[in-house]
Amino acid sequence: MSLNVQILSLIYSLSFGIFFGFCVNFHYELLFSKKKWFRVFINIIFVIDMALIYFLLLKILNGGILHFYFFLLIFLGFLISFRTTKKMRPFLRKLVKK
């Protein structure tokens, strides 16, 4: 894998982590609802969707080659985004309950 492809894959992994953190905060009310069957269903669909999005776009970028540091950058992007978008949760809660 060339250096350009690796750098693009690193940037993609970091930006996907940011996107994933935003999606977790956006779906926070659904992910932790009171109905157990609904919570399980939403969690399964959410995880499958996020994994499919990541791996399909990674396949386009570099042929689907995974490295350990891609996962580290996803986690780093998730932490950055989750902490910053956590402040938006009350506003999103109002939107969901309308």
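See the structure shown above.
In this text, all values refer to a predicted model and were calculated from it rather than measured experimentally.

J.: Before we move on, can you summarise helix 4 (residues 68-85) with the specific residues and values?
T.: In this model, helix 4 (18 residues) spans 26 Å end to end at C-alpha, consistent with the 26 Å of a helix rising 1.5 Å per residue. Listed in full, the buried residues belonging to helix 4 are Phe70, Ile74, Gly77, Phe78, Ser81, Phe82 and Thr85. Mapping the buried residues of helix 4 onto a view down its axis gives an arc of 125°, with all of them on the same face. When the buried face of helix 4 is taken as reference, the exposed residues oriented beyond 90 degrees from it are Phe68 and Arg83.

J.: For the packing of helix 1 (residues 3-26) against helix 4, give the residues involved together with the corresponding values.
T.: Viewed as axis vectors pointing N to C, helix 1 and helix 4 meet at an angle of 35°, and their least axial separation amounts to 7 Å. Considering how the two elements wind past one another, helix 1 and helix 4 form a crossing that is right-handed. Among the residues forming the contact of helix 1 with helix 4, the class breakdown is 14 nonpolar, 9 polar and no charged.

J.: So what about the nonpolar core? Which residues, and what values?
T.: Phe16, Val24, Phe46 and Tyr54 are the most contacted members of the largest nonpolar core, which totals 14 residues. For this core, the leading source of residues is helix 3 (residues 36-62), giving 5 residues. Contacts of phenylalanine 16, omitting those with residues within four sequence positions, involve Met50, Ile53, Tyr54 and Ile74.

J.: Would you mind going over the packing of aromatic side chains in detail, with residue names and values included?
T.: The description of an aromatic ring pair rests on the distance of the ring centres and on the angle between the ring planes. A full pass over the atoms with the stated rule returns 10 aromatic pairs. Measuring from ring centre to ring centre gives 5.1 Å for phenylalanine 16 and tyrosine 54, while their planes differ by 50°; the resulting arrangement is tilted. Residue phenylalanine 16 is found in helix 1, and its partner tyrosine 54 is found in helix 3; the two are separated by 38 residues along the sequence. Of the residues examined, phenylalanine 16 reaches a relative accessible area of 7% and is grouped as buried.

J.: Can you tell me about a nonpolar patch on the surface, naming the residues and giving the values?
T.: Taken together, the side chains of Val40, Ile44, Ile48, Leu52 and Leu56 make up a nonpolar region of the molecular surface, amounting to roughly 460 Å² of accessible area. Structurally, the position occupied by valine 40 is in helix 3.

J.: Quick one: what's the story with the side chain of asparagine 62, residue by residue and with numbers?
T.: Here asparagine 62 is to be found in helix 3. The buried category is assigned to asparagine 62, whose relative accessible area is 9%. Within the local environment of asparagine 62, its side chain forms a polar contact with the side chain of serine 9, the two groups lying 3.2 Å apart. Only 3.1 Å separates the side chain of asparagine 62 from the backbone nitrogen of glycine 64, close enough to count as a polar contact. The residues contacting asparagine 62, other than those within four sequence positions of it, are Met1, Val5, Ser9 and Phe70.

Rules behind the numbers
Residues numbered from 1 in each chain as written. Predicted model: local features only at pLDDT ≥ 70, side-chain atom pairs only at ≥ 80, totals over all residues. Heavy atoms only, no water. Helix = DSSP H or I, 4+ residues; strand = E, 2+ residues; numbered from the N terminus. Expected span 1.5 Å × (residues − 1). Buried < 20%, exposed > 50% of the residue type's maximum accessible area, 1.4 Å probe, protein only. Arc of directions from axis to C-beta. Axes fitted to C-alpha atoms, helices over the stretch in contact; angles between N-to-C directions. Left-handed = near helix turned anticlockwise from the far one by under 90°. Nonpolar A, V, L, I, M, F, W, Y, C, P; charged D, E, K, R; others polar. Core = buried A, V, L, I, M, F, W, Y, C linked by side-chain atoms within 4.5 Å. Contact = heavy atoms within 4.5 Å. Phe/Tyr/Trp six-rings, centres within 6.5 Å; stacked < 30°, edge-to-face > 60°. Patch = residues over 30% accessible without salt bridge, like charges linked within 9 Å, V, L, I, M, F, W, Y side chains within 5 Å. Areas by Shrake-Rupley, 256 points an atom, 1.4 Å probe, with all protein chains shown as cover. Salt bridge = Lys/Arg side-chain N within 4 Å of Asp/Glu carboxyl O. Polar contact = N/O pair within 3.5 Å; in protein donor to acceptor, adjacent residues only side chain to side chain.

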